Amino acid sequence: LDGRPAIQFNAGLGSNSGYSTTMSSVGQPACLFAICRKDGGGTIARRILDVNSASRWLLSYNTDTTMMAYYAGTLLTAATPQTTFGLFTATFNGASSTLRRRGAQIGSGDAGALACAGAVKLGMADNGALPHNGPIVFIGIAPGLSDAQRDYVEWLLNTRYYPSTA
């Protein structure tokens, strides 16, 4: 993005072409920040982050070409462009969960109350399928942020990655 480093995922490489690690439990409320873009893939879901366990969080491009999905026990979707870079902030906070793009709220509802823990899959689904196709520039999880702190992180990321519009 604008000459800055990114991890480029290629769905043509097939299943298990992402990155796996494990993480300790992160409870709610918490924010998941991601700067990414979907390159092609049409109506195929493309995973950005998927945590495989009984406590599961998800951020994914949905199966149509205009939706982003987020999950912490209940799947929610929000309309958004998929083929342009976006700074997405999924705030997991039970019935007060939200999804934002570049600081503007695009979705809300009860995404569930699960904590996040276990095997983390970056750029693919928990079973290795649905590989992401496109770049992921930034991803981060921050527990316990106030709205003001979340807004500040978004401002910092917008200033860093979108300087002409921050």
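No experiment lies behind these values; they were computed from the predicted model shown.

Caption draft 1: Here's a closer look at the overall build of the protein. Counting secondary structure elements, the protein contains one helix and 12 strands. Starting at the N terminus and ending at the C terminus, the protein contains elements arranged as β-β-β-β-β-β-β-β-β-β-β-β-α. Looking at the protein residue by residue over its 166 residues, the buried ones come to 46%. The contacts in the protein between residues at least 6 apart in sequence include a share of 66% that link residues at least 24 apart.

Caption draft 2: The arrangement of the pattern of salt bridges in detail. Scanning the entire structure with this criterion turns up four salt bridges. For the salt bridge of D147 with R150, the shortest nitrogen-to-oxygen distance reads 3.4 Å. Here D147 pairs with R150, and both are found in helix α1 (residues 147–161), just three residues apart, close to one helical turn. When its relative accessible area of 52% is taken as the criterion, D147 is described as exposed. Relative accessible area serves as the criterion here: at 9%, R150 is assigned to the buried category. One salt-bridge network, in which partners are shared between bridges, spans R100, D147, R150, D151 and E154.

Caption draft 3: Up close: unusual backbone geometry. Backbone torsion omega between Q28 and P29 reads 0°, so that peptide bond is classified as cis. Along the chain, the position of P29 falls in the loop between β2 (19–26) and β3 (30–36). Phi angles above zero are rare outside glycine, and R102 is one such case at about 50°. For R102, the location among the structural elements is in the loop between β9 (97–101) and β10 (104–109). Residue R102 is classed as partly exposed on the basis of its relative accessible area, which comes to 30%.

Caption draft 4: Representation of the packing of aromatic side chains within the structure. Under the criterion given, the structure shown has one aromatic pair. Between Y152 and W155, the ring centres sit 5.8 Å apart and the planes meet at 20°, which makes this aromatic pair stacked. One end of the pair is Y152 and the other is W155, both in helix α1 and three residues apart, which spans about a single turn. Owing to a relative accessible area of 45%, W155 belongs among the partly exposed residues under this scheme. Directly above the aromatic system of Y161 lies the positively charged group of R160, at a separation of 5.5 Å from the ring centroid.

Caption draft 5: Quick look at the pairing of β9. Counting buried residues in β9 gives five out of five residues, a clear majority hidden from the surface. Because side chains alternate across β9, one face comprises the buried residues S97, L99 and R101, and the other comprises T98 and R100, equally buried. Pairing geometry for strand β8 (residues 86–92) and β9, over four bridges, is antiparallel. Across the sheet, residue T89 finds its bridge partner in β9, namely R100. Connecting the antiparallel pair β8 and β9 is a turn made up of four residues, with G94 showing a positive phi of about 55°. Where β9 and β10 come together, five bridges link them in antiparallel fashion. Bridge assignment links R101 to a residue of β10, and that residue is A104. Counting the residues that bridge the hairpin from β9 to β10 gives two residues, and of these R102 lies at a positive phi of roughly 50°.

Reading guide: rules and limits
- Residues numbered from 1 in each chain as written.
- Predicted model: local features only at pLDDT ≥ 70, side-chain atom pairs only at ≥ 80, totals over all residues.
- Heavy atoms only, no water.
- Helix = DSSP H or I, 4+ residues; strand = E, 2+ residues; numbered from the N terminus.
- Buried < 20%, exposed > 50% of the residue type's maximum accessible area, 1.4 Å probe, protein only.
- Contact = heavy atoms within 4.5 Å.
- Salt bridge = Lys/Arg side-chain N within 4 Å of Asp/Glu carboxyl O.
- Phe/Tyr/Trp six-rings, centres within 6.5 Å; stacked < 30°, edge-to-face > 60°.
- Lys NZ or Arg CZ within 6 Å of the ring centre and 35° of its normal.
- Pairing = 2+ DSSP bridges.

Nothing here speaks to function; it is geometry throughout.
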